[in-house]
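An overview of the molecular structure
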Amino acid sequence: MTQLFSHNTMTQESYIVDAFQINEPTGILGRMLDVLAAKNITVGPIGISTASTILDGDPQTGRKVDVIPTYGPNILTRRSFIPNTANGIDEVKENLEDLNGETGVNSGIHANYWSQNLIDTWNKADELSVLLQSVQLGTRFSGNLGQKFATVSKLIKTHEQRGVNRDAFFVSMGGFDAHAYAKANLDGNLPVVNSAIKAFYREMTDSNMIDNITFVMTSEFGRTITGNSGGGTDHAWGGNYFLFGGMMRGGRILGEYPKSFGNNDPTNMGRGRLIPTTSWDALWYGVAQWFGIDTPDELKDVLPNNGNFGCRLYTDSDLYHDGKNSISGCGAKLMNFDMGMFIGEPQFNLYQVRRILPHDV
């Protein structure tokens with residue numbers, strides 16, 4: 001049974017961008033950070049309110065993904081252990097440090113790891129909380145999603161204090177699986193998304209940091225164009241990505257738009273379930289180059305299947321005003337010609353193919 005219309009499967013596929021699972025169990029952003037870290041660039045994978053496979057790098061690096069709650073780091077207080085008591089934590093903290101600091105010949109490796117991780121996370125949360133509280137935002141962020149972007153904004157503004165050169169953030173919002181009452185669903189959800197993104201864009205612009213970010217909004221798949229009996233839409237395949245950033249060559253739609261939504265269109269599987277014409281790899285190729293990953297070997301590490309798409313990839317020159325890269329042999333004029341081929345038994349088949357010619361031919 002196909003998994004094309006499975007939320008869990010396609011969400012995972014959109015995060016790993018590794019169809020043949022060559023670099024399992026890593027995600028697209030995690031692999032980008034792996035390459036940069038190998039070049040001695042300090043990196044920071046951060047999930048807001050939740051972790052995600054998209055941030056996971058090679059387990060052998062030992063790099064952890066930080067998960068920060070929506071409103072910022074949680075501070076450990078006495079109420080964390082004994083409800084309805086004063087906030088004083090000194091005595092509890094001292095006891096916890098003593099308990100988790102005890103090691104011996106017979107201490108298990110998992111117990112030692114747990115104890116060290118607890119202390120490290122505790123200290124990091126305390127330091128980060130103080131740092132983020134010192135940041136003043138000039139934009140009002142509303143709602144749960146808005147607060148997530150407010151936390152991202154504070155983290156971006158403190159990247160120097162945190163000693164990070166390249167951050168990768170993951171923010172998510174669910175609730176769009178509208179198999180019924182699709183219009184009411186979108187009427188309620190889209191203003192929330194719009195408000196949060198608008199506030200984030202304004203904050204980054206006013207802070208003169210918009211040129212240093214790329215924002216990618218994704219979904220695991222599209223929805224049927226025709227409705228169902230409940231006034232909703234069902235799982236489909238091809239969908240849309242949305243990107244912005246200060247250096248982005250915006251205001252354009254990339255990819256191949258369906259020639260029609262009729263049943264005779266070759267990309268229409270029925271009910272407007274569209275077969276994708278552009279890969280996830282195509283988008284991330286140019287984003288990876290903008291992020292500082294530009295050699296063929298590095299790009300192969302990040303996108304192991306990029307060689308399967310030939311010229312159907314977007315470089316940083318396609319996506320960004322300051323892009324510098326191109327794909328060798330692509331961008332030239334096309335020539336059509338007929339070619340005969342013999343296959344197996346002496347049978348003659350005629351095919352029409354396209355050949356890319358260099359500019360100077």
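Scroll up to find the structure.
Residues numbered from 1 in each chain as written. Predicted model: local features only at pLDDT ≥ 70, side-chain atom pairs only at ≥ 80, totals over all residues. Heavy atoms only, no water.

The next subject is the nonpolar core. Within the largest apolar cluster, 32 residues are counted, with the highest numbers of intra-cluster contacts made by Ile28, Leu29, Met32, Trp284, Ile293 and Val302. Broken down by secondary-structure element, the contributors of at least two residues to this core are helix 2 (28–38), strand 3 (166–170), helix 8 (280–290) and helix 9 (296–302). Once residues within four sequence positions are removed from consideration, Val302 is found in contact with Ile28, Arg31, Met32, Val35, Ala288 and Ile293. Residues Leu128, Leu132, Phe141 and Phe244 belong to the second largest nonpolar core, which totals 24 residues. (Core = buried A, V, L, I, M, F, W, Y, C linked by side-chain atoms within 4.5 Å. Buried < 20%, exposed > 50% of the residue type's maximum accessible area, 1.4 Å probe, protein only. Helix = DSSP H or I, 4+ residues; strand = E, 2+ residues; numbered from the N terminus. Contact = heavy atoms within 4.5 Å.)

Moving on, we come to the pattern of salt bridges. In the structure shown here, the tally under the stated rule is nine salt bridges. Between Glu203 and Lys157 there is a salt bridge, with the nearest N and O atoms lying 2.6 Å from each other. A residue pair is termed long-range when its members are at least 10 positions apart, and Glu203 in helix 7 (residues 182–206) and Lys157 in helix 5 (residues 143–157) qualify at 46 residues. By relative accessible area, which is 2% here, Glu203 ends up buried. Judged by its relative accessible area of 25%, Lys157 is partly exposed. Here Asp234 ties to Arg271 by a salt bridge, and the two come within 2.8 Å at their closest N and O atoms. Of this pair, Asp234 sits in the loop between strand 4 (215–217) and strand 5 (242–244) while Arg271 sits in the loop between strand 5 and helix 8; the two residues are 37 residues apart in sequence, bridging distant segments of the chain. For Arg271, a relative accessible area of 29% translates into the label partly exposed. (Salt bridge = Lys/Arg side-chain N within 4 Å of Asp/Glu carboxyl O.)

Before going further, it helps to spend a moment on helix 2. Turn by turn, an α-helix covers 3.6 residues, leaving residues three or four places apart pointing in a common direction. Counting buried positions over the eleven residues of helix 2 gives nine, a clear majority of the element. Every buried residue of helix 2 is listed here: Ile28, Leu29, Gly30, Arg31, Met32, Leu33, Asp34, Val35 and Leu36. Where helix 2 is buried, its residues meet helix 1 (7–16), strand 1 (43–48), strand 3, helix 8 and helix 9. Two residues or fewer after helix 2 comes Asn40, characterised by a positive phi angle close to 65°.

Right, let's get into the packing of helix 5 against helix 7. Two elements in contact, helix 5 and helix 7, have axes whose closest approach is 9 Å; the angle formed by their N-to-C orientations is 20°. Judged by the angle between their axes, helix 5 and helix 7 are roughly parallel. The hand of the helix 5/helix 7 crossing is right-handed. Listed contacts from helix 7 to Leu145, Gly146, Phe149, Val152, Ser153, Ile156 and Lys157 of helix 5 are Val192, Val193, Ala196, Phe200, Glu203 and Met204. (Axes fitted to C-alpha atoms, helices over the stretch in contact; angles between N-to-C directions. Parallel < 35°, antiparallel > 145°, perpendicular 65-115°, else oblique. Left-handed = near helix turned anticlockwise from the far one by under 90°.)

Next up on the list: unusual backbone geometry. With an omega dihedral of 5°, the bond running from Glu24 to Pro25 counts as a cis peptide bond. Within the secondary structure, Pro25 sits in the loop between helix 1 and helix 2. A positive phi is found at Val17, a non-glycine position, where the angle reads about 45°. Residue placement: Val17 occurs in the loop between helix 1 and helix 2.

Within the open sheet, the three strands sit side by side as 2-1-3. Their pairing is parallel. Two strands lie at the open edges of the sheet, namely strand 2 (66–68) and strand 3, each paired on one side alone. Along the sheet, successive strands turn relative to each other by an average axial angle of 25°, direction set aside. When strand 1 meets strand 3, the two strands line up parallel, connected through five bridges. (Pairing = 2+ DSSP bridges.)

Scanning the entire structure with this criterion turns up one disulfide. Note on cysteine connectivity: Cys311 is disulfide-linked to Cys330, with sulfurs 1.9 Å apart. Disulfide Cys311-Cys330: the torsion about the S-S bond is -85°, which places it as left-handed. Of this pair, Cys311 sits in the loop between helix 9 and helix 10 (316–319) while Cys330 sits in the loop between helix 10 and strand 6 (334–342), placing them 19 residues apart in sequence. On the accessibility criterion, Cys330 (22% relative accessible area) is partly exposed. (Disulfide = S-S within 2.5 Å.)

Let us now look at helix 8. For helix 8, the buried fraction is high: nine of the eleven residues fall into the buried class. Of all the residues in helix 8, the buried ones are Asp281, Ala282, Leu283, Trp284, Tyr285, Gly286, Val287, Ala288 and Gln289. Buried residues along helix 8 sit in contact with helix 2, strand 4, strand 5, helix 9 and helix 10.

Next up on the list: the pairing of strand 1. The side chains of a regular strand alternate, first on one face of the sheet and then on the other. In terms of burial, strand 1 is a largely internal element, six of the six residues being buried. Here strand 1 shows two buried faces, one formed by Val43, Pro45 and Gly47 and the other by Gly44, Ile46 and Ile48. Of the pairings in the sheet, the one linking strand 1 to strand 2 comprises three bridges and is parallel in character. Counted as the bridge partner of Gly47 is Val67 from strand 2.

Before going further, it helps to spend a moment on the packing of helix 2 against helix 8. Where helix 2 contacts helix 8, the axes come no closer than 11 Å and their chain directions differ by 30°. One finds that helix 2 runs roughly parallel with respect to helix 8. Helix 8 is crossed by helix 2, and the crossing has right-handed handedness. Contacts between helix 2 and helix 8 involve Ile28, Leu29 and Met32 on the former and, on the latter, Trp284, Val287 and Ala288.

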